[in-house]
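The residues making up each chain are set out below.
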Amino acid sequence: MCLGVAVPIHEIPEAVIRQYRLTNRIARRGVHAACEIQFLHSDLQRLLPVYIDHQLRILEWGNRDGPLPKPGWCHIEWLEQWQGLRPQKAMIVAAMALDLGVWYQVKQGIECVVIHNHAYMLTESASHYYRIMTRSNRMPVLIGQRI
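Predicted, not measured: the structure shown is a model, and the values here were computed from it. (Residues numbered from 1 in each chain as written. Predicted model: local features only at pLDDT ≥ 70, side-chain atom pairs only at ≥ 80, totals over all residues. Heavy atoms only, no water.)

Trainee: Which residues make up the overall build of the chain, and what values do they have?
Mentor: When you go through the chain residue by residue, the secondary structure sums to 2 helices and 12 strands. In terms of overall size, the chain behaves like a compact globule, its C-alpha atoms giving a radius of gyration of 15 Å where 147 residues would be expected to give roughly 15 Å. On the principal axes, the C-alpha backbone points of the chain span a range of 45 × 35 × 25 Å. The 147 residues of the chain split such that 48% are buried. Across the chain, contacts joining residues at least 24 apart in sequence account for 56% of those joining residues at least 6 apart. For the chain, the accessible area works out to roughly 8000 Å², and carbon and sulfur atoms hold 52% of it. The distance from the centre of the 16 positive side-chain charges to the centre of the 12 negative ones in the chain is 3 Å. (Helix = DSSP H or I, 4+ residues; strand = E, 2+ residues; numbered from the N terminus. Rg over C-alpha atoms; globule rule 2.2 N^0.38 Å. Buried < 20%, exposed > 50% of the residue type's maximum accessible area, 1.4 Å probe, protein only. Contact = heavy atoms within 4.5 Å. Areas by Shrake-Rupley, 256 points an atom, 1.4 Å probe, with all protein chains shown as cover. Lys, Arg positive; Asp, Glu negative; His and termini not counted. Charge placed at Lys NZ, Arg CZ, Asp CG, Glu CD.)

Spelled out as structure tokens, the structure:
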């Protein structure tokens, strides 16, 4: 299961970085690598960059409190059961994703659903290659890409 995403810093407007206090998430995965903003499920404040209604928003990843589902993921097979929650399809903005210590490239983004300003990453059964690469049984639903 995907545990984090990274977005090149130039893809997130400065106003959004300031508004959501994202400067502490700025990282570099190598000496010569460009700066990026990382959104990890292990962060104290779990957030995801989501493109919804023609705008970039920073939303809570899953739900820690309240009546909404707790995990930050929705198996694609669950969507029918979640219809009463009125999920809205959206896209997690990502150039890289992290699963069990392995970073891999994301070409266009990751599908998600948004319920009351909470983002849930859509997942599907892992492909054979993804399972070998990450040792994970589930993988994110990537847009325009199959690993």
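Trainee: Can you tell me about the state of the cysteines, naming the residues and giving the values?
Mentor: With the rule as written, the count across this model stands at 0 disulfides. With no disulfide partner, Cys-74 has as its closest neighbouring cysteine sulfur the one in Cys-112, 10 Å distant. (Disulfide = S-S within 2.5 Å.)

Trainee: Outline the sheet that holds strand E2 (residues 26-27), supporting the account with residue identities and numerical values.
Mentor: Hydrogen bonds along the backbone pair up the strands of a sheet, which may run parallel or antiparallel. Within the open sheet, the 5 strands sit side by side as E2-E3-E1-E8-E9. Their pairing is antiparallel. Either end of the sheet is taken by a strand with one partner, and the two such strands are E2 and strand E9 (102-105). In this structure, strand E1 (residues 4-8) lies alongside strand E8 (residues 96-99), joined through 3 bridges in antiparallel fashion. When the sheet's bridge partners are listed, Ala-6 is paired in E8 with Met-96. (Pairing = 2+ DSSP bridges.)

Trainee: I'd love a proper account of the side chain of Asp-99, names of residues and values included.
Mentor: With respect to the secondary-structure elements, Asp-99 resides in strand E8. Buried charge without a salt bridge: Asp-99, with Arg-135 as the nearest opposite-charge side chain at an N-O distance of 7.6 Å. Within the local environment of Asp-99, its side chain forms a polar contact with the backbone nitrogen of Met-1, the two atoms lying 3.0 Å apart. Filtering out sequence-adjacent residues up to four positions away, Asp-99 remains in contact with Met-1, Cys-2, Leu-3, Tyr-104, Tyr-130, Thr-134, Ser-136 and Arg-138. (Salt bridge = Lys/Arg side-chain N within 4 Å of Asp/Glu carboxyl O. Polar contact = N/O pair within 3.5 Å; in protein donor to acceptor, adjacent residues only side chain to side chain.)

Trainee: Can you explain the packing of aromatic side chains? Please cite residues and give values.
Mentor: Applying the stated criterion across every chain, the model contains 4 aromatic pairs. Where Tyr-104 meets Tyr-130, the ring centres are 5.4 Å apart and the plane angle is 85°; that geometry is what we call edge-to-face. Of this pair, Tyr-104 sits in strand E9 while Tyr-130 sits in helix H2 (residues 128-134), placing them 26 residues apart in sequence. Overall, Tyr-104 belongs to the buried group, its relative accessible area being 4%. Through a chain of ring-to-ring contacts, the aromatic side chains of Trp-78, Trp-82 and Tyr-120 assemble into a single cluster. (Phe/Tyr/Trp six-rings, centres within 6.5 Å; stacked < 30°, edge-to-face > 60°.)

Trainee: Before we move on, can you summarise the pattern of salt bridges with the specific residues and values?
Mentor: A pair can form between side chains of opposite charge whenever their charged atoms are brought close. If you walk through the whole model with that rule in mind, you get 6 salt bridges. With a closest N to O distance of 3.3 Å, Lys-89 and Glu-111 form a salt bridge. One end of the pair, Lys-89, is in strand E7 (residues 88-92); the other, Glu-111, is in strand E10 (residues 110-115), with 22 residues separating them in the sequence. Judged by relative accessible area, Lys-89 falls into the exposed class, the value being 52%.

In short, geometric facts, not functional conclusions.
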